[in-house]
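This is what each chain is made of:
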Amino acid sequence: MKNGLEDVIAAETQLSDVDGAAGRLVIRGVSLDHLVGDARYEDAAVLLLDGLMEQPLSEEDLRRRLGQARAEIFAHVAAIDDGLLRLPPVDIMRALVARLSDAADFASALRLLAAPAVFLPAILRRKKGCEPLAPTPSLSQSADILAMLDGRRPSAEKVRALDAYLVTISDHGLNASTFASRVIASTGAGLTSSVLGAIGALKGPLHGGAPGPVLDMLDAIATQGNAKPWLADALDRGERLMGFGHRIYRVRDPRADALKSALKPLIEAGEVDRGRVELAKAVEQAALAILKERKPDRPLDVNVEFYTALLLEALGFPRDAFTGVFAIGRTVGWIAHAREQALEGRLIRPRSVYVGPMPKAA
Ligand code: ACO
């Protein structure tokens, strides 16, 4: 038995391949570095879902119907009441997603793709005391998310950067939330149940809850000169450095570089604080050096969350909403895996080893 099921193969998939030794991610036959350069969110969604729904998919059709789905989903934001507003954004998102019907057809998949994208901006506006803004179905998913955040038409650089983020994180093998989604789908439950379980698995700091704490770390370090002593103190206290280490990657997470590249046009357009980026680079170098020194037997490199933090901050998302943005992007992967598992039709039901006491003999 392996704690944490490390290295255990628990599914066959045609959706994505994570090569931890080579630092390579392939999504349905396309390597991430190719995909992230050209693809919009809608392209990645078609790539992942095609062949798994009851009808063939095209980018144009998905984009049009996703826009309509966002408009329909908007009615649910009226359910954000004062009680819900006391919760963190991802928990409010979870509560709102739970209101959706639980089927497994393409219309349900579209509602679930639209829901986190509509809910998160509405939640963030309500938390600021502002009215939620209705979606614009003719916009792309990324442009509409940014427009619903602050009511302004976003710059092309920002839309491109959000597309790059959503595509980069759209799927990633059998990570904890995707496994949760597959387990639920294997029982014959619908897609809403899978997505709800996956959101619950995602929000922990060991999975999708790390980018907020990355910014907390950068704020606490504050200056490049403070990076080394601050990181040493954190490790002395037994803390983990957020944005570093990965269960599968033994080299640099390829998604970190995809996001670092996606930041460049924003930096050139003056949409990112250059000082912040320079501080992050210095912290990255200092962290890599100290992790190598302290954990010589465990290769620890930067993971996706480190540059996610800078990118999402530049796009105007508050740090407590980062996990929710992750959920917007990963929902398509969760749905694709849930469908793949459901089509396979086999219940996931592993066994455990009982290590408790046995009843005494009479
Ligand atoms: N900082 C310091 N030490 C670390 C870190 C880190 N970020 N990550 C792992 N280690 C150390 C552990 O303390 C352990 O050392 P030990 O053997 O001396 O006790 C050793 O490396 C192995 O750690 P494991 O817990 O076995 O590694 P695991 O594969 O379970 O961890 C994980 C992966 C959870 C991502 C871990 O690296 C971590 O906690 N990172 C920080 C949180 C983070 O960035 N999460 C986002 C991950 S990316 C994503 O899910 C989208």
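Rules behind the numbers
- Residues numbered from 1 in each chain as written.
- Predicted model: local features only at pLDDT ≥ 70, side-chain atom pairs only at ≥ 80, totals over all residues.
- Heavy atoms only, no water.
- Salt bridge = Lys/Arg side-chain N within 4 Å of Asp/Glu carboxyl O.
- Buried < 20%, exposed > 50% of the residue type's maximum accessible area, 1.4 Å probe, protein only.
- Pairing = 2+ DSSP bridges.
- Helix = DSSP H or I, 4+ residues; strand = E, 2+ residues; numbered from the N terminus.
- Contact = heavy atoms within 4.5 Å.
- Near = heavy atom within 4 Å.
- Polar contact = N/O pair within 3.5 Å; in protein donor to acceptor, adjacent residues only side chain to side chain.
- Areas by Shrake-Rupley, 256 points an atom, 1.4 Å probe, with all protein chains shown as cover.
- Nonpolar A, V, L, I, M, F, W, Y, C, P; charged D, E, K, R; others polar.
- Expected span 1.5 Å × (residues − 1).
- Core = buried A, V, L, I, M, F, W, Y, C linked by side-chain atoms within 4.5 Å.
- Domains from an automatic or database assignment.

*Asks:* Explain the pattern of salt bridges to me, please; I cannot follow it from the model alone.
*Replies:* Pairing of side chains with opposite charge becomes possible as their charged atoms draw close. Per the counting criterion, the structure on display carries 23 salt bridges. Glutamate 239 is the salt-bridge partner of arginine 237, the closest N and O atoms lying 2.9 Å from each other. Residue glutamate 239 is classed as partly exposed on the basis of its relative accessible area of 37%. In this structure, glutamate 284 and arginine 252 form a salt bridge, with 2.7 Å as the shortest nitrogen-oxygen distance.

*Asks:* Any chance you could explain the sheet that holds strand 2 (residues 24–27) here in plain terms?
*Replies:* Across a sheet, strands are paired by hydrogen bonds formed along the backbone, either parallel or antiparallel in direction. Across the sheet, which stays open at both edges, the three strands sit in the order 1-2-3 with antiparallel pairing between neighbours. Among the strands making up the open sheet, the edge pair consists of strand 1 (16–19) and strand 3 (30–31).

*Asks:* Please clarify how the environment of glycine 208 should be interpreted in this entry.
*Replies:* Considering the arrangement of structural elements, one finds glycine 208 in the loop between helix 10 (191–202) and helix 11 (211–221). For glycine 208, a relative accessible area of 0% puts it in the buried group. Counting along the chain gives 31 residues from glycine 208 to serine 177, while the straight-line C-alpha distance between them is 9.0 Å. Dropping the residues within four chain positions of it, glycine 208 is found in contact with Leu202, Glu305, Thr323 and Phe326.

*Asks:* Mind showing me how you'd approach the site of the ligand here?
*Replies:* Taken together, 21 residues lie around the ligand, and Arg240, Leu241, Phe244, Arg247 and Asn303 are the ones closest in. Contacts to the ligand include histidine 207, whose side-chain N or O atom sits 3.1 Å from an oxygen atom. Contact with the protein chains covers 77% of the free accessible surface of the ligand, which is 930 Å². The residue inventory of the shell around the ligand, partitioned by class, reads 11 nonpolar, five polar and five charged.

*Asks:* I keep staring at the side chain of aspartate 144 and nothing clicks. Help me out?
*Replies:* Note that aspartate 144 resides in helix 7 (residues 141–150). Judged by relative accessible area, which is 1%, aspartate 144 ranks as buried. For aspartate 144, the residues in contact, after removing those within four places along its chain, are Arg70, Pro135, Thr136, Pro137 and Leu139.

*Asks:* Got a minute to help me understand the pairing of strand 1 in this structure?
*Replies:* Side-chain positions along a regular strand alternate between the two faces of the sheet. Covered by surrounding structure in strand 1 are Ser16 and Val18 only, the residues Asp17 and Asp19 on the alternate face being uncovered. As judged from the four bridges shared by strand 1 and strand 2, these two strands associate in the antiparallel manner. Looking at the pairing, valine 18 lines up with leucine 25 of strand 2.

*Asks:* Sorry if this is basic, but what is going on with helix 13 (residues 254–268) here?
*Replies:* The periodicity of an α-helix, 3.6 residues per turn, causes residues three or four positions apart to be oriented the same way. Look at helix 13: 22 Å from first C-alpha to last across 15 residues, which is about the 21 Å you get at 1.5 Å a residue. The complete set of buried residues in helix 13 reads Pro254, Arg255, Ala256, Ala258, Leu259, Ala262, Leu263, Leu266 and Ile267. In this fold, the buried residues of helix 13 make contact with strand 2, helix 1 (32–38), helix 8 (156–168), helix 14 (274–294), helix 15 (304–314) and helix 16 (322–344). Note on helix 13: the residue one or two positions beyond its end, glycine 270, has a positive phi of about 75°.

*Asks:* Would you mind going over the nonpolar core with me for this structure?
*Replies:* Soluble globular proteins tend to pack their nonpolar side chains together in the buried interior. Ranked by internal contacts, the top residues of the largest apolar core, which has 117 residues, are Tyr165 and Phe317. The leading source of residues in this core is helix 6 (residues 106–127), at 14 residues. When we break this core down by domain, the ones giving at least three residues each are domain 1 (12–206 + 321–344) and domain 2 (211–314). Ignoring any residue separated from it by four or fewer positions in sequence, one finds phenylalanine 317 in contact with Leu120, Leu124, Ile145, Leu146, Leu149, Leu162, Leu312, Phe322 and Val325.

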